[in-house]
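The residues making up each chain are set out below.
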Amino acid sequence: MAQPSRAAAGTSRRPVSVYLLDDHEVVRRGLRSVLEHDGDIVVVGESGLAQQAARQIPALRPQVAILDVRLPDGSGVEVCRQIRSVDPGIAALMLTSYDEDEALFAAIMAGAAGYLLKRVKPADLAETVRRVADGQSMLDPAVTSHVLARLRDTRPEDPLTRHLTPKEQQVLELLGEGMTNREIAFALHLSEKTTKNYVSSVLGKLGVRSRTQAAILAKSPQAHLGDRHG
């Protein structure tokens, strides 16, 4: 059954702004068509080259940058790293034809908010863009376990949360459930500003650069999360 148009649903929020980076023009056209179908997502720029995208994305400040991993003049992973260092508010969503552990691990460590294979269904792609724009971390379930295994290998000093306060442990657990700052604030009866401060503190104490990395670590059985109601 076809999903109802979000534009027809009367949403009052501004359209999600997206930048496309893929070296095949036909792919970019297809992505633009899929994403702009319902009217609540708008493509504000596109490129087929890594270096050009690295210059344009910080200037255009899209909410989401969809980055192809393999490019003629570089890597989408490096573009992700560059734009996140300039503007952490831009969410990077990696899109590739290849299911490669190394590329996935590099993308997450560069701060990517999600990683999807190009065989993803059009409706799922659009919904993922919406969720990433809302601050959620999105990973293809087929590859999450591989990232988790690699992240565990890089952090032999478990338990991960031993330096977190009880409230920070609660925040981490909710990050692991993919919640946005607003949802976490509601669940824990906090202000959004206070929640943002807690999230920043959690990332710093865990030594990670993005919510996605923290969410994956939260799912590790070695994390020893405390009682969220304590």
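Residues numbered from 1 in each chain as written. Predicted model: local features only at pLDDT ≥ 70, side-chain atom pairs only at ≥ 80, totals over all residues. Heavy atoms only, no water.

Participant: Report on the side chain of Thr128, specifying residues and quantitative values.
Facilitator: With respect to the secondary-structure elements, Thr128 resides in helix α5 (residues 122-133). Residues in contact with Thr128, not counting those within four places in the same chain, are Leu93, Leu116 and Met138. (Helix = DSSP H or I, 4+ residues; strand = E, 2+ residues; numbered from the N terminus. Contact = heavy atoms within 4.5 Å.)

Participant: For the environment of Leu49, give the residues involved together with the corresponding values.
Facilitator: Inspection of the secondary structure puts Leu49 in the loop between β2 (41-47) and α2 (50-60). Sequence-distant contacts of Leu49, that is, excluding residues within four places in its chain, are made with Leu21 and Asp73.

Participant: Talk me through the layout of surface pockets; I want residue IDs and the actual numbers.
Facilitator: Looking at the largest pocket, its volume works out to about 840 Å³. Looking at the largest pocket, it is lined by 29 residues, and the ones nearest its centre are Pro88, Gly89, Gly135, Asn181 and Arg211. The set of elements that each furnish at least two residues to the lining of the largest pocket consists of β6 (91-96), α5, α8 (181-188), α9 (192-206) and α10 (211-218). If one sorts the elements of the lining of the largest pocket by residue count, α9 sits on top with five residues. Counted by class, the lining of the largest pocket contains ten nonpolar, eleven polar and eight charged residues. (1 Å grid on protein atoms, 1.4 Å probe; cavity = no way out; pocket = protein on both sides within 12 Å on 5 of 7 lines; lining within 4 Å. Points joined across faces, edges and corners; volume = space filled by probe spheres on them. Nonpolar A, V, L, I, M, F, W, Y, C, P; charged D, E, K, R; others polar.)

Participant: Residues and numbers for the environment of Arg55, please.
Facilitator: Inspection of the secondary structure assignment puts Arg55 in helix α2. You can call Arg55 exposed: its relative accessible area is 58%. Sequence separation of Arg55 and Val79 is 24 residues, and the distance between their C-alpha atoms is 9.3 Å. (Buried < 20%, exposed > 50% of the residue type's maximum accessible area, 1.4 Å probe, protein only.)

Participant: With reference to specific residues and values, describe helix α7 (residues 166-176).
Facilitator: Across the eleven residues of α7, eight count as buried, placing the element largely inside the fold. All of the buried residues along α7 are Glu168, Gln169, Gln170, Val171, Leu172, Leu174, Leu175 and Gly176. Looking at the packing, one finds that the buried side of α7 touches α8, α9 and α10. At the C-terminal side of α7, Gly178 shows a positive phi close to 80 degrees.

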